[in-house]
Amino acid sequence: MKQIILYTDGACSGNPGVGGWGSILMYNGREKELSGSEEMTTNNRMELMAVIKGLEAIKESCQVDVYSDSAYVVNAFLQDWISKWKANGWKTTKGKVLNLDLWQSLCSLLEKHEVTWHKVKGHADNEYNNRCDALARWEIEKLKKAII
């Protein structure tokens, strides 16, 4: 099974507001950058979208190491919130799970791949996390200019 590295980040200008996401796929010494934006969204949605779009771009089942600075995304798996949410009908102690559509899309993709989750410190010295952040912010600025 191929081993892929996926770095991701999401950003928002206002929360909610214009949002962007960036992903970098790495395999066999090659890198592929992906990015996108949404006009009215939240930071958490963009963090999830970065992972989803990165995994969607992988054509076959692979072992994927996902690196994200989002505790919201990573802890859902490392602390197994996701299993509790599913067992409780997609509810938390505070009510329904937010961004359910994206969590369900992500869970569907996880059936195809073997994913290992890694939390990285955001806006620090991680080159790939910083590149993903730059991609997300570039998408935000591009969309803001298009709206004007």
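Throughout what follows, the structure given in this document is the object of discussion. Owing to the predicted nature of the structure, the values given are computational and were not obtained by experimental measurement.

### Observations concerning the layout of surface pockets
Stage number 1. When its volume is computed, the largest pocket comes out at roughly 320 Å³.
Stage number 2. Every residue lining the largest pocket is counted, 13 residues in all, and those nearest its centre are Ile4, Leu25, Tyr27, Ala57 and Ile58.
Stage number 3. Among the elements of the structure, strand 2 (17–27) and strand 3 (30–41) are those that each provide at least two residues to the lining of the largest pocket.
Stage number 4. Of the residues that constitute the lining of the largest pocket, the class distribution is seven nonpolar, no polar and six charged.
Stage number 5. Taken as a whole, the second largest pocket spans an internal volume of roughly 190 Å³.
Stage number 6. Forming the walls of the second largest pocket are Tyr72, Trp85, Thr92, Thr93, Lys94, Gly95, Lys96, Val97, Leu98 and Trp103.
Stage number 7. Here the residues of the lining of the second largest pocket are counted per class, giving five nonpolar, three polar and two charged.

### Observations regarding the pattern of salt bridges
Stage number 1. Within the structure shown, the criterion is met by nine salt bridges.
Stage number 2. In this structure, glutamate 31 engages arginine 131 in a salt bridge whose closest nitrogen and oxygen atoms are separated by 2.9 Å. One end of the pair, glutamate 31, is in strand 3; the other, arginine 131, is in helix 5 (residues 127–147), with 100 residues separating them in the sequence.
Stage number 3. Since its relative accessible area comes to 40%, glutamate 31 is described here as partly exposed.

### Some details on helix 2 (residues 71–78)
Turn by turn, an α-helix covers 3.6 residues, leaving residues three or four places apart pointing in a common direction.
Stage number 1. Counting buried positions over the eight residues of helix 2 gives six, a clear majority of the element.
Stage number 2. Of all the residues in helix 2, the buried ones are Tyr72, Val73, Val74, Asn75, Ala76 and Phe77.
Stage number 3. Buried positions along helix 2 lie against helix 1 (43–56), strand 4 (63–68), helix 3 (81–87), helix 4 (100–110) and strand 7 (114–119).
Stage number 4. Where helix 2 ends, the next residue or the one after it, aspartate 80, has phi of about 55°, a positive value.

### Some words on the state of the cysteines
Stage number 1. Counted by the stated rule, this structure contains zero disulfides.
Stage number 2. Unpaired in terms of disulfides, cysteine 62 finds its nearest cysteine sulfur in cysteine 132, a separation of 18 Å.
Stage number 3. Look at cysteine 62 and you get buried, because its relative accessible area is 1%.
Stage number 4. Cysteine cysteine 107 remains unbridged, with the sulfur of cysteine 62 as its closest cysteine sulfur at 19 Å.
Stage number 5. Classification of cysteine 107 by relative accessible area gives buried; the value is 11%.

### A look at the sheet that holds strand 1 (residues 3–14)
Stage number 1. What the five strands build is an open sheet, ordered 3-2-1-4-7; its pairing is mixed. Two strands in the sheet have a free side with no partner beyond their single neighbour: strand 3 and strand 7. Strand-to-strand, the axes of this sheet are offset by a mean angle of 20°, without reference to chain direction.
Stage number 2. One ladder, built from ten bridges, connects strand 2 with strand 3; its direction is antiparallel. Paired with glycine 20 across the bridge in strand 3 is serine 37.
Stage number 3. Relative to the sheet, helix 1 contacts strand 1, strand 2, strand 3, strand 4 and strand 7, its axis offset from that of strand 1 by approximately 155°.

### Focus on the nonpolar core
Stage number 1. Within the largest apolar cluster, 33 residues are counted, with the highest numbers of intra-cluster contacts made by Leu55, Val64, Phe77, Trp103, Leu106 and Trp117.
Stage number 2. For this core, the secondary structure elements donating two or more residues are strand 1, strand 2, helix 1, strand 4, helix 2, helix 3, helix 4 and strand 7.
Stage number 3. When residues of this core are assigned to their parent elements, the largest contribution, seven residues, is made by helix 1.
Stage number 4. Leaving out residues up to four positions away in the same chain, tryptophan 117 has contacts with Val51, Val66, Val73, Val74, Phe77, Leu78, Leu106 and Leu110.
Stage number 5. Of all hydrophobic cores here, the second largest spans seven residues; its members include Tyr7, Met26, Val120 and Leu135.

Quick notes on the rules
Positions within a chain are numbered from 1, following the residues in the order the chain's sequence is written. It should be noted that, the model being predicted, local features are given only for residues of pLDDT at least 70 and side-chain atom pairs only at 80 or more, the latter also being counted only at that level, while totals for whole chains, interfaces and linings use all residues. Hydrogen atoms and water are omitted, and side-chain values are computed over all heavy atoms in the structure. Throughout, the protein atoms alone are placed on a 1 Å grid, and a set of points is a cavity if a 1.4 Å probe fits but cannot get out or a pocket if it is open with protein on both sides within 12 Å along at least five of seven lines; lining residues have an atom within 4 Å of a point. Grid points are joined across faces, edges and corners, and a volume is the space filled by probe spheres set on the points. Here a strand is any run of E in DSSP of at least two residues, a helix any run of H or I of at least four, and the numbering for each starts at the N terminus. Each residue receives one of three labels: charged for Asp, Glu, Lys and Arg, nonpolar for Ala, Val, Leu, Ile, Met, Phe, Trp, Tyr, Cys and Pro, and polar for the others, Gly being one of them. Any carboxyl oxygen of Asp or Glu that lies within 4 Å of a side-chain nitrogen of Lys or Arg is treated as forming a salt bridge with it. Only protein chains enter the calculation, and the probe is 1.4 Å; a residue is then buried if its accessible area is under 20% of its type maximum, exposed if over 50%, and partly exposed in between. In this description, contact between two residues means that some pair of their heavy atoms is separated by no more than 4.5 Å. When the sulfur atoms of two cysteines come within 2.5 Å, that pair is taken as a disulfide. Strands are labelled as partners when DSSP assigns at least two bridges between them. Convention adopted: a line fitted to C-alpha atoms gives each axis, helices being fitted over their contacting stretch, and angles between N-to-C directions are expressed from 0 to 180 degrees. Residues belong to a common nonpolar core when they are buried Ala, Val, Leu, Ile, Met, Phe, Trp, Tyr or Cys residues joined through side-chain atoms within 4.5 Å.

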